[in-house]
Amino acid sequence: MGHTKGVKLTILGSGTSHGVPMLGCDCPVCRSPDSRDRRLRSSLYVQGSRGERAVIDTGPEFRLQAIGAGITRLDAIFLTHSHADHIHGMDDVRPLSREAPLPVYGNRETIEELQERFSYVFKETQRGGGKPKLLPVQVSAPVAVGGLLFSPVPVKHGALDILGWRIEEEKAEEAGNWGGGGRKAGGWGVGNRACAVYLTDTSAIPDSSWPLISGPDILIIGALRTRPHETHFTFEEALDTAVKTGAPRSFLTHICHDYNHREIEAYCRSYQENRGLRRLVMGPAYDGLELIVETA
Ligand SMILES: [Zn+2]
Ligand SMILES: [Zn+2]
Ligand SMILES: [Zn+2]
């Protein structure tokens, strides 16, 4: 991207916890020849215009996803929550953490779970074999990575309190004004800088989080299927949420095997037509999808 301003997002995975195809399933979607129906576990790669590199979640397929996207280094890892499909590839960041420990940001529950699940990483007892160098950080305030600001967005995943992330580019006139992590969200509005919101595994959004997800250029939002689920939005709930945020472009992720890519595209199209929302871009994400958020 050279020195042009903007943020590049790459969907590393768009599938639900079991991935698509699901092991042992021979339904039409799991047997689909359309590459967009192969959904690895959900994850996002974020690249800033100054070379910033971060991922949101490191699921079981992280290594293959990272190789596929050409990831050769990372500045930070952001976690939504500690379910297996979001963190079980963490060990594979090992070659990317040789130079310096990789900061891993999440809420208290997620970081505590990470330290328990990957306890060998944080102990001195392992002999032989390599392990990643990780720096787990519990966050409740925005984190700066170069010229990008990652703000935690508390959301509900069933009874669980998890995080979505708002990714924002700093304003040109604020260059050089960086003091590292922990900046107040109040200093950053959504406006003429690139802004994207990533919300996966969400079933409800607390009132207090709405200001954080309002007005992004792009929304990527978890949408499991059409039938209701206790811990995930349906397609309709996700699209309703997308409309409320005002995002001009929204993409569904964390999708199960009930529908193929084309069927979900058709679902989104009829949702838009029925509501007079044809000006919006709405559709399913797919693995490898690249999205550019340009600075206005
Ligand atoms: Zn999940
Ligand atoms: Zn299936
Ligand atoms: Zn989950």
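Residues numbered from 1 in each chain as written. Chains lettered and ligands numbered in written order. Predicted model: local features only at pLDDT ≥ 70, side-chain atom pairs only at ≥ 80, totals over all residues.

**Q** Go over the overall build of the chain, please, and point to the residues and values.
**A** Helix and strand counts for the chain stand at 6 helices and 14 strands. Relative to a compact globule of 296 residues, whose C-alpha radius of gyration would be 19 Å, the chain shows 18 Å and is just as compact. Taken over the C-alpha atoms alone, the chain extends approximately 55 × 50 × 40 Å along its principal axes. For the chain, buried positions account for 47% of its 296 residues. (Helix = DSSP H or I, 4+ residues; strand = E, 2+ residues; numbered from the N terminus. Rg over C-alpha atoms; globule rule 2.2 N^0.38 Å. Buried ≥ 20, exposed ≤ 12 C-beta atoms within 10 Å, placed from the backbone.)

**Q** A description of the nonpolar core should follow, citing residues and the corresponding values.
**A** Ranked by size, the top nonpolar core spans 70 residues in total, and within it Leu44, Ile77, Phe78, Ala196, Tyr198, Ile221 and Leu252 carry the most contacts. Contact partners of Ile77, with chain neighbours within four places excluded, come to Ala54, Val55, Thr58, Val93, Leu102 and Val104. (Core = buried A, V, L, I, M, F, W, Y, C linked by C-beta atoms within 7 Å. Contact = placed C-beta atoms within 7 Å.)

**Q** Break down the sheet that holds strand β11 (residues 218-222) for me, with residues and values.
**A** The sheet built from 7 strands is open, its strands ordered β7-β8-β9-β10-β11-β12-β13 with mixed pairing. Edge positions in the sheet fall to β7 (143-145) and β13 (281-284), since each has one partner strand and no second. For this sheet, the mean angle separating the axes of adjacent strands, direction not counted, is 20°. Relative to strand β9 (residues 160-169), strand β8 (residues 148-157) is paired through 10 bridges, and the arrangement is antiparallel. Considered in β9, the bridge of Phe150 is made with Ile167. In the packing of helix α5 (residues 235-245) onto the sheet, contacts are made with β10 (195-199), β11, β12 (249-253) and β13, and the angle to β11 comes to roughly 155°. Along the sheet, helix α6 (residues 261-274) contacts β12 and β13; its crossing angle with β13, the most-contacted strand, is approximately 150°. (Pairing = 2+ DSSP bridges. Axes fitted to C-alpha atoms, helices over the stretch in contact; angles between N-to-C directions.)

**Q** Tell me about α5, and please be specific about residues and values.
**A** Among the residues of α5, those classed as buried are Phe235, Ala238, Leu239, Thr241, Ala242 and Thr245. Buried residues of α5 fall within an arc of 155° about the axis and therefore sit on the same side. Tucked inside the fold, the buried residues of α5 contact β10, α4 (210-213), β11, β12, α6 and β13. Downstream of α5 by one or two residues, Gly246 has phi in the positive range, about 80°. (Arc of directions from axis to C-beta.)

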